[in-house]
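Below, each chain spelled out in residue letters.
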Amino acid sequence: MKQEEIERLYEAIEESGFTVAITGAGISIAAGGCSYTGMMARGGMGLRSSNPEKMYKAIYNIFLKAAFEHGPTIAHKALARLEEMGKLQGIITTNEDCIHTIAGSKNVAELEGGCQVNTCNDCGYRNFDYEIWNHGKMPRCPECGGIMLPYDIYSHISLWPPAVENAQEWTSKADLFLIIGTSGYFGSAYWGYRKPDAKIIQINPKRTGFDSIADLNIHEEADPVFEALMKLEEDA
């Protein structure tokens, strides 16, 4: 990792009036999260099971094991701290692990709703509490006793409209995008709203479609990059 790259990242954030982070599976790998390939290896087919116990195990292992057993990574915590400092205005994510919220971030657009938007499969009762998944069994509806499902499973992986609206609004205002561990899946829902002169900095050890349009590509894992960035913040 080049110190020059970290300094350019720091300066870009300092100069930006509105910064948005776009995150994917890559930011959660250090916490034990998984990519789409990893999702299938961990029992992804069980997400559509008619057996509640099998479905719960799949949901927990794929989306929430990383959150409840390992918690936020250095990068998640850094983004929450940048928001607290007024230097990050929003996070757009395809992740459903709730780790951004657990880390303390307030302005998070979870595009697929994930495990913070839960709906009863029988009566439609809805709650917004990811903790219902942390009790070792399939959560049940307090109204009718039916099983509760995360939004993406209940809606057959359609996007959560309030999150899309937030993503579109933040994208239209952003001077700087931090693209972290994602290839931009579902970007078509909001990416067209960006200003043509907005800067793009990608942080990803892998090459993606963002390489050709980014102002800076930092091909490293997110944690060491944000650890170095926050050291600069502390020394400033």
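Our structure is the block above this text.
Residues numbered from 1 in each chain as written. Predicted model: local features only at pLDDT ≥ 70, side-chain atom pairs only at ≥ 80, totals over all residues. Heavy atoms only, no water.

### Things to note about the overall build of the protein
Scanning the protein from terminus to terminus reveals 8 helices and 9 strands. For 236 residues, the compact-globule estimate of 2.2 N^0.38 gives 18 Å, and the C-alpha radius of gyration of the protein, at 18 Å, lies within 12% of that figure. Seen along its three principal axes, the alpha-carbon backbone of the protein occupies a region of about 55 × 30 × 30 Å. Out of the 236 residues in the protein, the part that is buried amounts to 55%. Within the protein, counting contacts between residues at least 6 apart in sequence, those at least 24 apart form 61% of the total. Accessible area for the protein stands at about 11,000 Å²; split by element, carbon and sulfur atoms hold 48% of it. (Helix = DSSP H or I, 4+ residues; strand = E, 2+ residues; numbered from the N terminus. Rg over C-alpha atoms; globule rule 2.2 N^0.38 Å. Buried < 20%, exposed > 50% of the residue type's maximum accessible area, 1.4 Å probe, protein only. Contact = heavy atoms within 4.5 Å. Areas by Shrake-Rupley, 256 points an atom, 1.4 Å probe, with all protein chains shown as cover.)

### Side note on the layout of surface pockets
If you add up the space inside the second largest pocket, you get close to 170 Å³. Those elements that place two or more of their residues in the lining of the second largest pocket are β3 (108-110) and α7 (161-173). Ranked by residues supplied to the lining of the second largest pocket, first place goes to α7 with 3 residues. Here the residues of the lining of the second largest pocket are counted per class, giving 6 nonpolar, 4 polar and 2 charged. (1 Å grid on protein atoms, 1.4 Å probe; cavity = no way out; pocket = protein on both sides within 12 Å on 5 of 7 lines; lining within 4 Å. Points joined across faces, edges and corners; volume = space filled by probe spheres on them. Nonpolar A, V, L, I, M, F, W, Y, C, P; charged D, E, K, R; others polar.)

### Focus on the sheet that holds strand β6 (residues 148-150)
Read from one edge to the other, the open sheet built from 3 strands follows the order β5-β4-β6, with strand pairing classed as antiparallel. Looking at strand neighbours, the two that pair on one side only are β5 (126-127) and β6, the edges of this open sheet. By the bridge criterion, 2 bridges tie strand β4 (residues 118-120) to β5 in an arrangement that is antiparallel. Counted as the bridge partner of T119 is R126 from β5. (Pairing = 2+ DSSP bridges.)

### Description of the environment of G136
Take G136: it is sitting in the loop between β5 and β6. Note: C-alpha distance between G136 and Y56 (80 residues apart in sequence) is 8.2 Å.

### Regarding the sheet that holds β3
Across the sheet, which stays open at both edges, the 6 strands sit in the order β3-β2-β1-β7-β8-β9 with parallel pairing between neighbours. Edge positions in the sheet fall to β3 and β9 (216-218), since each of these pairs with one other strand and no more. If you compare each strand with its neighbour and ignore which way they point, the axes differ by 15° on average. Note: strand β8 (residues 199-203) against β9, 3 bridges, orientation parallel. Bridging from a neighbouring strand, I203 pairs with I218 of β9. Strand contacts of helix α1 (residues 3-15): β7 (176-180), β8 and β9, with the helix running at about 130° to β9, the strand carrying the most contacts. (Axes fitted to C-alpha atoms, helices over the stretch in contact; angles between N-to-C directions.)

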